[in-house]
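Here is what each chain is made of, one letter per residue.
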Amino acid sequence: MLRHIGATLFGLLAGFFLAALVSSSIGLLMGINSTIYQWLRPIITMFMVVPNIATVPVIILWFGLGMKTVLIIVVLGSSFPIIYTAAAGVQSIPIKMIWAAQTAGATKWQILRTVVIPGTMPYLIAGHKLALGRAWRAVIAAEIFASTAYGIGFMIFDARTFFDTEAMFAGIVVVGLIGLFLESFIFEYIEKVTVVRWGTTTT
């Protein structure tokens, strides 16, 4: 079980953090630049509605079985909520706050650091929470079809062969507990040192 958990956590967190880094940057650019937003929005909308499991056979065909395929599926599965919420967060910032910073002599970098990012952070955190949920579904689906040895998804699917319902439910419970831990501790800490400290949330 520990090997299965380790393999799943590696695929989940590595793919999620890669998606978070790239997608947050894309989302912020879309929110800042309307031309980029109009150009990327149809592409992102089109791929966002495609279920992760539908892309698994194609990715396996291109990249084969193994952890690389799992990472790609997780990145694709978790990117789009982050992009959308980051762009929405930037667009929700009142223009008067930008004008006030410009009047005070702030540079573009200072406006980004002191106005845009703090104002967008509640949206970013919400988007990352949604993305982590999609990443879980993606990593389990990827392990069912693409993993060759370890992973909770692989364990659940392999237990089906032997009608081992105890192992299946054990895998499901472990996924739920790990997800609860990540949500309750990691995101709670991030909220405490960002939006709560900055006063951009009512909690």
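Conventions adopted
Residues numbered from 1 in each chain as written. Predicted model: local features only at pLDDT ≥ 70, side-chain atom pairs only at ≥ 80, totals over all residues. Heavy atoms only, no water. Helix = DSSP H or I, 4+ residues; strand = E, 2+ residues; numbered from the N terminus. Buried < 20%, exposed > 50% of the residue type's maximum accessible area, 1.4 Å probe, protein only. Contact = heavy atoms within 4.5 Å. Lys, Arg positive; Asp, Glu negative; His and termini not counted. Charge placed at Lys NZ, Arg CZ, Asp CG, Glu CD. Arc of directions from axis to C-beta. Salt bridge = Lys/Arg side-chain N within 4 Å of Asp/Glu carboxyl O. Polar contact = N/O pair within 3.5 Å; in protein donor to acceptor, adjacent residues only side chain to side chain. Core = buried A, V, L, I, M, F, W, Y, C linked by side-chain atoms within 4.5 Å. Phe/Tyr/Trp six-rings, centres within 6.5 Å; stacked < 30°, edge-to-face > 60°. Lys NZ or Arg CZ within 6 Å of the ring centre and 35° of its normal.

> Even after reading the chapter, I still don't get the overall build of the protein chain, so can you show me in this structure?
Broken down by element type, the protein chain carries 8 helices and 0 strands. Reading the secondary structure of the protein chain in the N-to-C direction produces α-α-α-α-α-α-α-α. If you line up the protein chain on its principal axes, its C-alpha atoms span 70 × 35 × 20 Å. The buried share of the protein chain, reckoned over its 203 residues, is 40%. Considering only contacts within the protein chain whose residues lie at least 6 apart along the sequence, 76% involve residues at least 24 apart. Looking at charge distribution, the protein chain has the averaged site of its 12 positive side-chain charges lying 19 Å from that of its 7 negative ones.

> Mind showing me how you'd approach helix α7 (residues 152-161) here?
Owing to its 3.6 residues per turn, the α-helix aligns residues three or four sequence positions apart on the same side. Listing the buried residues of α7 in full gives I152, G153, M155, I156 and A159. One face of α7 carries all of its buried residues, which in axial projection span an arc of 165 degrees. Following α7 by one or two positions, F163 adopts a phi angle in the positive range, close to 55 degrees.

> What am I meant to see in the side chain of E143 here?
Examined against the element boundaries, E143 turns out to sit in helix α6 (residues 108-146). Buried within the structure, E143 lacks any salt-bridge partner; its nearest side chain of opposite charge belongs to R3, at an N-O separation of 14 Å. A polar contact is formed between the side chain of E143 and the backbone nitrogen of I152, at a distance of 3.1 Å. Setting aside anything within four residues of it in sequence, one finds E143 in contact with A7, T8, G151, I152, G153 and F154.

> So what exactly am I meant to see when it comes to the side chain of T8 here?
As for its placement among the helices and strands, T8 is situated in helix α1 (residues 2-32). Relative accessible area serves as the criterion here: at 0%, T8 is assigned to the buried category. Apart from the residues lying within four places of it in its own chain, the contact partners of T8 are W136, V139, E143, G151, I152 and G153.

> Just to check I follow, could you spell out the nonpolar core for this structure?
A general trend in soluble globular proteins is that nonpolar side chains are found buried together. One finds L12, L132, W136, V139 and I152 to be the most contacted residues of the largest nonpolar core, which totals 31 residues. Each residue touching W136, except ones within four places of it in the same chain, is listed here: T8, L12, V175, I178, G179 and L182.

> It is not clear to me how the packing of aromatic side chains should be interpreted in this structure. Could you clarify?
One pair of aromatic rings is described through two measures. These are the centre distance and the angle between the planes. Tallying each qualifying case throughout the model produces 1 aromatic pair. In this structure, R160 packs its charged tip against the face of F157, placed 4.3 Å from the ring centre.

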